[in-house]
Amino acid sequence: MRRYPSPSALRRSDPDTRAYLLADMHLRNLQHELTDAVPRVREVLAGNAPRSIQDFLDQVIAAGHAMDWTLHFELGFFLGLEDSTAWAEVVANGIRKWMRDASAVDSWIAVRLPTDATRVLIGQRTQSLDQGPRLLRARLDDSRDATAPLRGPGIPYQVGRHFDAPMRHEWSVYTPWLQQ
Amino acid sequence: MRLGANITRNANFKMAEVFNREGHLDFYELLLDNFLHLDPAQIRRRIGDTPVSFHIMGSRFMDRDESRLAVMADRIRRFTAELEPLYVSDHILRWTLGGQLMSDAIEIEYDESNLRRVAKWTGMLGCQVRFENYASCSPEGAGQLDFFKAMKADLGLEPLFDYSNAVVAELNGATPAVEWIESDLDLTASHVSGFRESEGSLYIDSHDVRVGEESWELIRRADANGKGPTTLVIERDGVVDQDEWESDFRFARAAVSAR
């Protein structure tokens, strides 16, 4: 495999090759990762046929997205998700992928839902040999700057090393890649 | 021979701890990826005197920029100083294509530039890293053994030899496994795990079933040639069945002569 495989490129290639098999497995893994744990998003996909996961992957691969943990956020923007349940699902998926990144020296990540600035999902990486990672829901105090509205579409997040330290007021923002 | 269990997460640590108490294993192999953000002193307190080795899967040293690798290397050196592992091991894999992250690792091209990349990462870690042979998916992996020989000749690095990966690579059309045994590489630090046929005659290193007879046979053959393991980690992290895992530990003791 020399080029990043995409669904449309796969359709044009010879299915009787090892390269095809490996590319197909990779794309199916990606699709499972994007859709297995998000029942509400699957409902949206089922009722939104012209915009399929294959369309999403074709576009996001062609656009040069890093295909990292933020890919899940990108799917939310691509599908135009509006309800908090669906957004909570894709945000949780992104957090799970972030927690699997070996290079992350940070121990937690907090992500605000784009549908409600006070709602936050927090992922805490493995806490010890005895306690694994966990995903928590929280609400921000809406009197603080932390919940200031965004100027455009985006998902605020922050990471930290010490779980019991207070969150910073400043947030990094993931902005949709496909619209840039 | 020392037997070890791979610790990838808290669930299989609890199981390995039982094996340790019952005398089936001699050390833990920590998958550092999942613990590197923790305090190594906390880990030492938890495991007591039990020796450890380090395994790294997702350093992505073939792909990452140097500044991010430097942060990671600093953490690994801190763990090494605190826990004094039997060895530090990593994988020579590529995780990205065109800067985009794959869902699983892919085999590298075995060329000079990648050898330099290995040298660079080893220098950053400041220790003799053992790199694991890959379970090649196709005949394109045929250059792997020569690459490992070049690592030994040029960089003084010996492998972390995964017996079942060598069997899987052979089944997928790469190098015959026995050629590793017949090479002058030091194969004493080793791994073994279960593998299975996936689809389209592709064999995968799945870690979710018992160790196969082909792998035990290769271990016996290496042992008969005086090149058998001095450390052997039995990897089990998919469909972790305690009875099957324990059974593989008993089998390993029987397969390798007492050394």
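For the structure, check the block above.
Asker: Describe the overall build of chain B, listing the residues and the values that go with them.
Answerer: Scanning chain B from terminus to terminus reveals nine helices and twelve strands. For a compact globule of 259 residues, the expected C-alpha radius of gyration is about 18 Å, and chain B comes in at 17 Å, within 12% of that figure. Expressed along its principal axes, the backbone C-alpha trace of chain B runs to roughly 45 × 40 × 35 Å. Put simply, chain B has 259 residues, and 58% of those count as buried. Relative to all contacts within chain B whose residues are 6 or more apart in sequence, the contacts with residues 24 or more apart total 76%.

Asker: Tell me what's going on with the sheet that holds strand 2 (residues 27–31) of chain B, and back it up with residues and numbers.
Answerer: All names here are of chain B. Strand order in this closed barrel of eight strands is 1-2-3-4-7-8-9-12, and the pairing throughout is parallel. Shown here is a sheet whose adjacent strand axes are inclined to one another by a mean of 30°, direction ignored. Here helix 9 (residues 242–255) sits on the sheet in contact with strand 1 (2–7) and strand 12 (231–235), set at roughly 155° to strand 1.

Asker: How would you summarise the sheet that holds strand 5 (residues 172–174) of chain A if you had to cite specific residues and measurements?
Answerer: All names here are of chain A. Across the sheet, which stays open at both edges, the five strands sit in the order 3-2-1-4-5 with antiparallel pairing between neighbours. This sheet does not close on itself; its edge strands, each paired only once, are strand 3 (134–139) and strand 5. Between one strand and the next, the sheet's axes are offset by a mean angle of 30°, whatever the strand orientation. Sheet topology note: the strand 2 (residues 116–124)/strand 3 ladder contains six bridges and is antiparallel.

Asker: Can you lay out the packing of aromatic side chains for me, pointing to particular residues and giving the numbers?
Answerer: Residues and elements named next belong to chain B. The full count for this structure, using the stated rule, is 18 aromatic pairs over all chains. Here the aromatic rings of phenylalanine 19 and tryptophan 245 are separated by 5.4 Å at their centres, their planes lie at 85°, and the arrangement is edge-to-face. Highlighted residues: phenylalanine 19 in helix 1 (residues 10–21) and tryptophan 245 in helix 9, separated in sequence by 226 residues. Judged by relative accessible area, which is 0%, phenylalanine 19 ranks as buried. Each ring, one from phenylalanine 61 and one from tryptophan 121, has its centre 5.9 Å from the other, and the planes form 10°; the classification is stacked. Linking phenylalanine 61 in the loop between strand 3 (52–55) and helix 3 (66–83) with tryptophan 121 in helix 4 (residues 112–125), this pair joins segments that are 60 residues apart in sequence.

Asker: Can you lay out helix 4 (residues 53–62) of chain A for me, pointing to particular residues and giving the numbers?
Answerer: Every buried residue of helix 4 of chain A is listed here: A:Ile53, A:Phe56, A:Leu57, A:Asp58, A:Val60 and A:Ile61. Where the residues of helix 4 of chain A are buried, they touch helix 1 (7–11), helix 2 (18–35), helix 3 (39–46) and helix 5 (71–78) of chain A together with strand 6 (100–107) of chain B. Remark: A:Gly64 follows helix 4 of chain A within two positions and exhibits a positive phi of approximately 80°.

Asker: So, the layout of surface pockets: which residues are in play, and what are the values?
Answerer: Residue and element names in this part refer to chain A. In this structure, the second largest pocket spans a volume of roughly 380 Å³. Forming the boundary of the second largest pocket are 17 residues, of which Arg3, Tyr4, Pro5, Ser6 and Ala9 lie nearest the centre. Going through the elements one at a time, helix 1 and helix 2 are the ones with two or more residues in the lining of the second largest pocket. Here the element with the most residues in the lining of the second largest pocket is helix 2; it accounts for three residues. Looking at side-chain class alone, the lining of the second largest pocket contains nine nonpolar, four polar and four charged residues.

So, how was this worked out
Residues numbered from 1 in each chain as written. Chains lettered and ligands numbered in written order. Predicted model: local features only at pLDDT ≥ 70, side-chain atom pairs only at ≥ 80, totals over all residues. Heavy atoms only, no water. Helix = DSSP H or I, 4+ residues; strand = E, 2+ residues; numbered from the N terminus. Rg over C-alpha atoms; globule rule 2.2 N^0.38 Å. Buried < 20%, exposed > 50% of the residue type's maximum accessible area, 1.4 Å probe, protein only. Contact = heavy atoms within 4.5 Å. Pairing = 2+ DSSP bridges. Axes fitted to C-alpha atoms, helices over the stretch in contact; angles between N-to-C directions. Phe/Tyr/Trp six-rings, centres within 6.5 Å; stacked < 30°, edge-to-face > 60°. 1 Å grid on protein atoms, 1.4 Å probe; cavity = no way out; pocket = protein on both sides within 12 Å on 5 of 7 lines; lining within 4 Å. Points joined across faces, edges and corners; volume = space filled by probe spheres on them. Nonpolar A, V, L, I, M, F, W, Y, C, P; charged D, E, K, R; others polar.

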